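Analysis of the macromolecular model
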Amino acid sequence: MAILNFNPMAYLKYFTLNSPMIIGAFIVLSSAFNQDIKGILFMAGAAIIMFLGKFFSSSLGRKVPKNADLAACNMFSDSGWGYEYSAPAPNALFLSFTACYLIFGMAAHNNFNWVLLGSLLVIVIVNAFFRVKLLNCGMPIDILFGWAFGIIGGVIWYGIMTAIESKYDGAVSLTYFGDSDGGNKCKITNKKFRCKKL
């Protein structure tokens, strides 16, 4: 009978390097469980910023180092962004977009989830370290490009979502950490109460 060898570093590497896929899947599934579209809209923004990152990668022209572990740097294709071009770093872009989008939601609603905030920041930093030092997927400047693109994308997407929320006077909840609890929202119009299910 084989005994499983517990190697904490292997699990840390696996989770950290696959964190964009794990986080993306969790956000979509949480939307399904909560019966809202927050996760779908978040992933739409992430898909747009990732598409723009892929577009800009060939324009920046930063090549992946020769000693890179190409199979781990880009698990989905054998050409293009993450395989041939290293900036903006794809994982850094997605993770910084995620962190920025969620942190802005926490700050805007003054509803800080300190465990999530700390976890996101640790994942962003550890992922960058592993991708630069262990896998040689790029240089630190590639990670910085990814973080910059992700932060800009997160700010813009969060602004778009809050603009839509304010257009509907808070009747729809599209961002995380808001006051929406799935209950009824009521207001007085012409001395009558009107309630809507959120």
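Numbering of residues starts from 1 in each chain and follows the order in which that chain's sequence is written. Selection of residues for local features in this predicted model requires a pLDDT of at least 70, selection of side-chain atom pairs for listing and counting requires 80 or more, and totals for whole chains, interfaces and linings are taken over all residues. Excluding hydrogens and water, the side-chain figures rest on all heavy atoms present in the structure.

Topic: the overall build of the chain
Tallying secondary structure elements over the chain gives 7 helices and 2 strands in all. Only DSSP runs of H or I with at least four residues qualify as helices, and only runs of E with at least two residues qualify as strands; both kinds are numbered from the N terminus onward. Of the regular secondary structure in the chain, the N- to C-terminal order runs α-α-α-α-α-α-α-β-β. The proportion of buried residues among the 198 residues of the chain is 36%. By definition, residues are in contact when any of their heavy atoms lie within 4.5 Å. Considering only contacts within the chain whose residues lie at least 6 apart along the sequence, 65% involve residues at least 24 apart. Here the accessible surface of atoms and residues is derived via Shrake-Rupley with a 1.4 Å probe, and residues count as covered only by protein chains that are part of the display. Counting only carbon and sulfur atoms, one obtains 67% of the accessible surface of the chain, whose full area is about 12100 Å². Accessibility here uses a 1.4 Å probe with only protein chains present; expressed as a share of the type maximum, an area under 20% marks a residue as buried, one over 50% as exposed, and anything in between as partly exposed.

Side note on the packing of aromatic side chains
Two aromatic rings, drawn from Phe, Tyr or Trp (for Trp, its six-membered ring), form a pair once their centres lie within 6.5 Å of each other, and the interplanar angle then sorts them: stacked below 30 degrees, edge-to-face above 60, tilted otherwise. Enumeration according to the criterion identifies 10 aromatic pairs in this entry. Seen from their ring centres, Phe55 and Phe56 are 5.4 Å apart, and the 70° between their planes marks the pair as edge-to-face. Taken together, the aromatic side chains of Phe42, Phe94, Phe97, Tyr101, Phe104 and Tyr158 make up a single cluster linked through ring pairs.

What about the packing of helix 2 (residues 19–34) against helix 5 (residues 90–108)?
Two elements in contact, helix 2 and helix 5, have axes whose closest approach is 10 Å; the angle formed by their N-to-C orientations is 40°. Once helix 2 is placed against helix 5, the crossing between them reads as left-handed. On helix 5, the residues touching Ser19, Pro20, Ile23 and Gly24 of helix 2 are Asn91, Phe94, Leu95 and Thr98. Axis geometry follows a simple rule: fit a line to the C-alpha atoms, using only the stretch in contact for helices, then measure angles between N-to-C directions, giving values from 0 to 180 degrees. Crossing handedness: left-handed means the near helix sits turned counterclockwise from the far one by under a right angle, and right-handed means the same turn made clockwise.

Brief notes about helix 5
Residues lying three or four places apart along an α-helix face the same way, a consequence of the helix completing one turn every 3.6 residues. Every helix has an expected span of 1.5 Å times one less than the residues it contains. With 19 residues, helix 5 ought to run about 27 Å at 1.5 Å a step, and its terminal C-alpha atoms sit 27 Å apart, in line with that. For helix 5, the buried fraction is high: 15 of the 19 residues fall into the buried class. Residue Asn110 follows helix 5 closely and has a positive phi angle near 50°.

Some remarks on the side chain of Glu165
Looking at the element boundaries, Glu165 is found in helix 7 (residues 140–167). By the counting scheme adopted, Arg and Lys are positive, Glu and Asp are negative, and His together with the chain ends is not counted. Note on definitions: salt bridges are taken to be side-chain nitrogens of Lys or Arg within 4 Å of carboxyl oxygens of Asp or Glu. For the buried Glu165, which has no salt bridge, the nearest side chain bearing the opposite charge is Lys38, at an N-O separation of 6.6 Å.

Description of the environment of Ser119
By secondary structure assignment, the location of Ser119 is in helix 6 (residues 114–134). Spatially, the C-alpha atoms of Ser119 and Ala99 are 9.6 Å apart, while their sequence positions differ by 20 residues.

Worth remembering: the numbers are spatial, not functional.
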